[in-house]
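# Secondary and tertiary structure notes
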Amino acid sequence: MTEIATARRSRITPEREAELYEAVLDLLREVGYDALTMDAVAARTRSSKATLYRQWGGKPELVATAIRHSKPGRAGDIDTGSLRGDFRVLVTREDDCTMERNSALMRGLFMAVHTNPDLLRAFKELLVEPEMEEFRALLGRAVDRGEVRADCPALEYVVHMLIGAFATRALIDDHPPTQDFLTSYIDAVVLPALGVPTL
């Protein structure tokens, strides 16, 4: 990144950036990804469209970054001393109401990803890969503590299991994901798959 680009990026304060991301998420919930425009974001946030493009490059990057920013902390920063404790902290960082709103938002975005290659690329680069790195750090500590065998075949599927439970609860059970549901799922499915006792 050039010095000029760095200087341009630094003009937006963290508080202003958070406001922009919240506006993007609100618009996504209102109109969906396909109908979301940079013009609408600029109008909602009283920004210039040129500033938005200069800062984020385009709609896919802005949306993926807004989703990443909305997450309450990083999974890699959680370290309670046990994998079960780490998962519990992960699950309880959002209340059930917020989880329901985010679940509906992500279902809509998952559908949009299938028809928008640029959104898929932005999601992988700006959201999925950083999240996977965070989970690898969390799981790596469990391996280092001796809770999980380093050669456990379930290690590479933990994120798949968690996202699957979160994303499909409404489809299968006609209920949103909740803290109780995800905690029970982790105890019944994820931890046993990793060979971690739940008692």
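Above this note sits the structure.
In short, a report on the structure.

Grouped together as the largest cluster of nonpolar side chains are 28 residues, with contacts concentrated most on Val24, Leu28, Val63, Ile67, Leu109 and Phe123. Mapped onto this core, the elements with two or more residues apiece are helix H2 (14–31), helix H3 (38–45), helix H4 (49–56), helix H5 (59–70), helix H7 (96–115) and helix H8 (117–144). The element best represented in this core is H2, accounting for six residues. Setting aside residues up to four positions removed in sequence, Leu28 forms contacts with Tyr33, Leu36, Val63, Leu105 and Leu109. Of all hydrophobic cores here, the second largest spans 27 residues; its members include Leu155, Leu162, Ile186 and Leu191.

Despite not being glycine, Arg46 shows a phi value in the positive range, around 55 degrees. Relative to the helices and strands, Arg46 resides in the loop between H3 and H4. Look at Asp174: it is not a glycine, yet its phi comes out positive at around 60 degrees. Along the polypeptide, Asp174 turns up in the loop between helix H9 (158–173) and helix H10 (179–194). For Asp174, a relative accessible area of 67% puts it in the exposed group.

On to H8, then. Look at H8: 38 Å from first C-alpha to last across 28 residues, which is about the 40 Å you get at 1.5 Å a residue. At Lys124, H8 is deflected by roughly 45 degrees, the largest bend along its length. For H8, the full list of buried residues reads Leu119, Ala122, Phe123, Leu127, Glu131, Glu134, Phe135, Leu138, Leu139 and Ala142. Its buried side turned inward, H8 meets H5, helix H6 (83–92), H7, H9 and H10.

Our next topic: the packing of aromatic side chains. Inspection of every chain in the model, using the stated rule, returns two aromatic pairs. Measuring from ring centre to ring centre gives 5.7 Å for Tyr21 and Trp56, while their planes differ by 70 degrees; the resulting arrangement is edge-to-face. Separated by 35 residues along the polypeptide, Tyr21 in helix H2 and Trp56 in helix H4 bring together distant segments of the chain. In terms of burial, Tyr21 and Trp56 fall into one category: buried. The positively charged end of Lys59 is found above the aromatic ring belonging to Tyr33, 4.1 Å away from the centroid. Its guanidinium or amino end placed over the ring of Phe181, Arg169 lies 4.1 Å from that ring's centre, counting from NZ or CZ.

Let us now look at the pattern of salt bridges. For the coordinates displayed, the defined rule picks out 17 salt bridges. In this structure, Glu30 and Arg44 form a salt bridge, with 2.8 Å as the shortest nitrogen-oxygen distance. Note that Glu30 is positioned in helix H2 and Arg44 in helix H3, a separation of 14 residues in sequence.

Thresholds applied
- Residues numbered from 1 in each chain as written.
- Predicted model: local features only at pLDDT ≥ 70, side-chain atom pairs only at ≥ 80, totals over all residues.
- Heavy atoms only, no water.
- Core = buried A, V, L, I, M, F, W, Y, C linked by side-chain atoms within 4.5 Å.
- Buried < 20%, exposed > 50% of the residue type's maximum accessible area, 1.4 Å probe, protein only.
- Helix = DSSP H or I, 4+ residues; strand = E, 2+ residues; numbered from the N terminus.
- Contact = heavy atoms within 4.5 Å.
- Expected span 1.5 Å × (residues − 1).
- Bend = angle between axes of the 7 residues up to and from the residue.
- Phe/Tyr/Trp six-rings, centres within 6.5 Å; stacked < 30°, edge-to-face > 60°.
- Lys NZ or Arg CZ within 6 Å of the ring centre and 35° of its normal.
- Salt bridge = Lys/Arg side-chain N within 4 Å of Asp/Glu carboxyl O.

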